[in-house]
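# Analysis of the macromolecular model
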Amino acid sequence: MIANIRIRADGQSSALCPLDLMKFGIDDVRQRMKERGIAKDSFFICGFSDWGIDTVLTLEEAYLLKTAIIGFYDGDDYIVQHMLRNHKPISEVISHYYRFLSKDEVEVMQHLLRNQEVNSVVEFFFKANNWISALQLYINQGLILNTKKGFYIQVI
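Cut-offs and rules
- Residues numbered from 1 in each chain as written.
- Predicted model: local features only at pLDDT ≥ 70, side-chain atom pairs only at ≥ 80, totals over all residues.
- Heavy atoms only, no water.
- Buried < 20%, exposed > 50% of the residue type's maximum accessible area, 1.4 Å probe, protein only.
- Helix = DSSP H or I, 4+ residues; strand = E, 2+ residues; numbered from the N terminus.
- Pairing = 2+ DSSP bridges.
- Axes fitted to C-alpha atoms, helices over the stretch in contact; angles between N-to-C directions.
- Parallel < 35°, antiparallel > 145°, perpendicular 65-115°, else oblique.
- Left-handed = near helix turned anticlockwise from the far one by under 90°.
- Contact = heavy atoms within 4.5 Å.
- Nonpolar A, V, L, I, M, F, W, Y, C, P; charged D, E, K, R; others polar.
- Phe/Tyr/Trp six-rings, centres within 6.5 Å; stacked < 30°, edge-to-face > 60°.
- Lys NZ or Arg CZ within 6 Å of the ring centre and 35° of its normal.
- Core = buried A, V, L, I, M, F, W, Y, C linked by side-chain atoms within 4.5 Å.

A few words now on the pairing of strand β6 (residues 150-154). With 4 of its 5 residues buried, β6 lies for the most part within the structure. Here strand β4 (residues 98-102) pairs with β6 via 4 bridges, running antiparallel. Following the sheet pairing, Ser-102 is matched in β6 by Phe-151. As judged from the 4 bridges shared by strand β5 (residues 144-147) and β6, these two strands associate in the antiparallel manner. Each residue of the ladder has a partner; that of Leu-145, found in β6, is Tyr-152.

Turning next to the packing of helix α5 (residues 105-112) against helix α7 (residues 131-140). Helix packing for two helices is described by the angle between their axes and how far apart those axes are. The N-to-C vectors of α5 and α7 enclose an angle of 60°; their axes lie 11 Å apart at closest approach. Judged by the angle between their axes, α5 and α7 are oblique. Note on packing geometry: the crossing formed by α5 with α7 is left-handed. In contact with Glu-105, Val-106, Val-108, Met-109 and Leu-112 of α5, α7 contributes Trp-131, Ala-134, Leu-135 and Tyr-138. Of the residues that constitute the contact of α5 with α7, the class distribution is 8 nonpolar, no polar and 1 charged.

A word on the packing of aromatic side chains. Tallied over the entire structure, the rule returns 9 aromatic pairs. With 5.4 Å between their ring centres and 45° between their planes, Phe-72 and Tyr-97 make a pair best called tilted. Within this pair, whereas Phe-72 is found in helix α2 (residues 59-73), its partner Tyr-97 is found in the loop between α4 (90-95) and β4, the two being separated by 25 residues in sequence. Classification of Phe-72 as partly exposed rests on a relative accessible area of 24%. One aromatic cluster is present, formed by Phe-124, Phe-125, Trp-131 and Tyr-138 through successive ring pairs. Stacked on the ring of Phe-44, the Lys or Arg Arg-8 has its end atom at 4.0 Å from the ring centre.

Counting residues in hydrophobic clusters, the biggest one holds 32 residues, and the most contacted among them are Leu-21, Ile-45, Phe-48, Leu-65 and Leu-84. Elements that contribute at least two residues to this core include exactly β1 (2-9), α1 (26-35), β3 (43-48), α2, α3 (78-85) and α4. No other element matches α2, which puts 6 residues into this core. In this view, Leu-65 contacts Met-1, Phe-48, Leu-57, Val-80, Leu-84, Ile-90, Val-93 and Ile-94; residues no more than four positions away in its chain are not counted. Within the second largest apolar cluster, 14 residues are counted, among which are Leu-101, Val-108, Phe-124 and Ala-134.

Within the secondary structure layout, Ser-42 lies in the loop between α1 and β3. Accessibility expressed as a relative area gives 10% for Ser-42, which makes it buried. What Ser-42 contacts, discounting residues up to four positions off in sequence, is Arg-6, Ile-7 and Arg-8.

In structure tokens:
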């Protein structure tokens, strides 16, 4: 999780340094900024070089992502990267937890519809028109993530 750090001054921004957020705590970074005379409001993150993701974040938002990676995903950053690449808001990334469900879309639909009555399932598929549209409804609602590794289901 190598953050690209920039500083704003006099209407311009300039690169400061890459920063491995997994190695340093937020208080360490704040202390270093203070030592170097960098104002909090001039400091921002413009993406993550190791992830190939460009997005503007505050230091606090970046550390919330770190907390989600450690707390939700035991250090695996795959889902956080996937959500950022798909332009999910930071608030959504840090407030939703997903766990792997399956690589097989049939298993996914069986899981999603397991407690539904037959009439409800028939009506759902009639309204969806086809299998792909049915699954896409869950993806659009954010209940399912469709990733290269397979399907993940929202837990929180």
